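Here is what each chain is made of, one letter per residue.
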Amino acid sequence: MRRWDVYRGQRFGNSRLPAVLLFAAVFLLLAFVVLFFTLPGYLVYTRDEVHLDLPFLRGETAEVEETGTEPEETLTIEEAVAEIEVKSPDYSHLALANDGEGLEIIQSVYVPYEQVNDAGLTKAVGQARALEAGGLTLELSDETGVLLWVSETDTAVNYALNGTLDLSGTVEQLKSQGYYLTAVISCCVNSTLVSRNPTLALTGAGGYVYSDQRGAWMDPWNADVRQYTIDLTKELMEMGFDEVVLNHVEHPTTEVGYTRTMSGELTRTSCVTNFAIAVRKAVQETMDATGARLSAMMDTTALNDETVDNGQSMAYFLQIFDRVYEFTETYSEANQVIALHVDSTERFVPIISWTFPGGSWAQNFFESVN
């Protein structure tokens, strides 16, 4: 009995499709082998390119000697001189700081590294109230490289650079009182970190770690040095600081060796400016999220003596950083800021022992009372 509920697929007898596919695959394989062994003989190498020269495409036949061998080719090689020209970068187009857009005058009390403790902060708050200053500027790491707070950055943890200050709690308390908080950290001078990881250091003529009266120097070209500065800056901004000032974004005023091979055309200014750009770009997203500012400390001696080359450029710094700070007593360096057609009252912050109305300053109160 036939069952109609069972489906029987249509059958095609004696299909030749698999045989055709097999033939095509074998043909393509043989063609590839023939081309692989014959085409290299028709590749023509010139100074500028490599091209395929087939006689039948030119309407010619290849000359073959009676012996049946191809004529011997003569390869002529022209001498070429490869020269790579490395020029100093042009930073004149930089506009990372947007001309300090949105900045306001800042007046604060400067608290040096050794005074950032309960007693010192109590004095600083009292002085700020007396001056009616709205800010406190705290030096949180100096040339020793030891941090005053407990940082969670990998470098600080791995090389035991942490202090004991409950900085997060301090920031919260001071912010609740309405203070504009600025943190100052040392970048390229870090004696403790260099002693524990000499691979980060600049070197002197004898290959030893370079140091001067300020301390041991780290290489601004080194990626790990830059990353440590970036990590600390982000951490402080996320903690609640309104501004971070990078101290010692500079180069020694003598010849040194780097942790990587550098072109002779790259100057000290290139070194310092490149470091500054790298840090600014890396922390920009954090700045946008928190509203924090990034500034830099400039060296007074280098600014006032053209023969002293520490790589810092006031013009470039004002294109990269929101403000420039400087220890001074004369305020004469503000003229250099004015000459660059920017507002010195907002973008130049002298750290001085006295105060004045109408402009930005950070009073070095502890220096004046000593």
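Summary of the structure given here. (Residues numbered from 1 in each chain as written. Predicted model: local features only at pLDDT ≥ 70, side-chain atom pairs only at ≥ 80, totals over all residues. Heavy atoms only, no water.)

## What to know about the overall build of the protein chain
On a plain count of helices and strands, the protein chain comes out with 13 helices and 12 strands. Evaluated residue by residue, the protein chain yields a buried proportion of 42% over its 370 residues. Residue pairs at least 24 apart in sequence account for 71% of intrachain contacts in the protein chain once pairs closer than 6 positions are excluded. Element-wise, carbon and sulfur atoms account for 52% of the exposed surface of the protein chain, whose accessible area totals about 21600 Å². (Helix = DSSP H or I, 4+ residues; strand = E, 2+ residues; numbered from the N terminus. Buried < 20%, exposed > 50% of the residue type's maximum accessible area, 1.4 Å probe, protein only. Contact = heavy atoms within 4.5 Å. Areas by Shrake-Rupley, 256 points an atom, 1.4 Å probe, with all protein chains shown as cover.)

## Observations concerning the pattern of salt bridges
By the definition in use, this model includes 8 salt bridges. Among the ionic pairs, Asp212 bridges to Arg214, the shortest N-O distance being 3.9 Å. What makes Asp212 partly exposed here is its relative accessible area of 23%. Two residues, Asp322 and Arg280, come together in a salt bridge whose shortest N-O distance is 3.4 Å. Here Asp322, found in the loop between helix 10 (314-320) and strand 10 (324-327), pairs with Arg280, found in helix 8 (residues 268-290); they are 42 residues apart in sequence, far enough to count as distant. Each member of the pair, Asp322 together with Arg280, is buried. Linked through salt bridges whose partners overlap, the residues forming this network are Asp212, Arg214, Glu250 and Asp299. (Salt bridge = Lys/Arg side-chain N within 4 Å of Asp/Glu carboxyl O.)

## Digging into the packing of aromatic side chains
Evaluation of the coordinates by the stated rule reveals 7 aromatic pairs. A ring pair is formed by Tyr91 and Tyr316, whose centres lie 5.4 Å apart and whose planes are at 75°; its orientation type is edge-to-face. Separated by 225 residues along the polypeptide, Tyr91 in the loop between helix 2 (55-58) and strand 3 (107-111) and Tyr316 in helix 10 bring together distant segments of the chain. Between Phe317 and Phe321, the aromatic rings sit 5.1 Å apart at their centres with planes inclined by 70°, giving edge-to-face as the arrangement. The same class applies to Phe317 as to Phe321, namely buried. (Phe/Tyr/Trp six-rings, centres within 6.5 Å; stacked < 30°, edge-to-face > 60°.)

## As for the pairing of strand 3
With 4 of 5 residues buried, strand 3 lies mostly within the body of the structure. Relative to strand 12 (residues 361-363), strand 3 is paired through 3 bridges, and the arrangement is parallel. Paired with Val109 across the bridge in strand 12 is Gln363. Bridging between strand 3 and strand 4 (residues 135-139) involves 4 bridges; their strand directions are parallel. Bridge assignment links Tyr110 to a residue of strand 4, and that residue is Thr137. Between strand 3 and its parallel partner strand 4, the chain crosses via helix 3 (residues 118-131), and the hand of that crossover is right-handed. (Pairing = 2+ DSSP bridges. Right-handed = clockwise from strand over helix to strand, strands pointing away.)

## Quick notes on the sheet that holds strand 8 (residues 243-247)
Pairing is parallel around the closed barrel formed by 8 strands, whose spatial order is 3-4-5-8-9-10-11-12. The mean inter-strand angle of the sheet, taken between neighbouring strand axes irrespective of direction, is 25°. On top of the sheet, helix 3 reaches strand 3, strand 4 and strand 12; it is set at about 155° to strand 3, its chief contact. Contacts from helix 7 (residues 223-239) reach strand 5 (180-186), strand 8 and strand 9 (293-297) within the one sheet, and its direction differs from that of strand 8 by about 155°. (Axes fitted to C-alpha atoms, helices over the stretch in contact; angles between N-to-C directions.)

## Some details on the nonpolar core
In terms of nonpolar packing, the biggest core is built from 78 residues, with Leu136, Leu140, Leu236, Phe241, Leu246 and Leu294 touching the most fellow members. The element contributing the most residues to this core is helix 8, with 7 residues. When sequence neighbours within four positions are dropped, the list of residues in contact with Leu246 reads Ile185, Cys187, Thr229, Thr233, Val279, Leu294, Ser295, Ala296, Met297 and Phe321. Judged by nonpolar contacts, the second largest core, of 9 residues, contains Tyr110, Met297, Val349 and Ala362. (Core = buried A, V, L, I, M, F, W, Y, C linked by side-chain atoms within 4.5 Å.)

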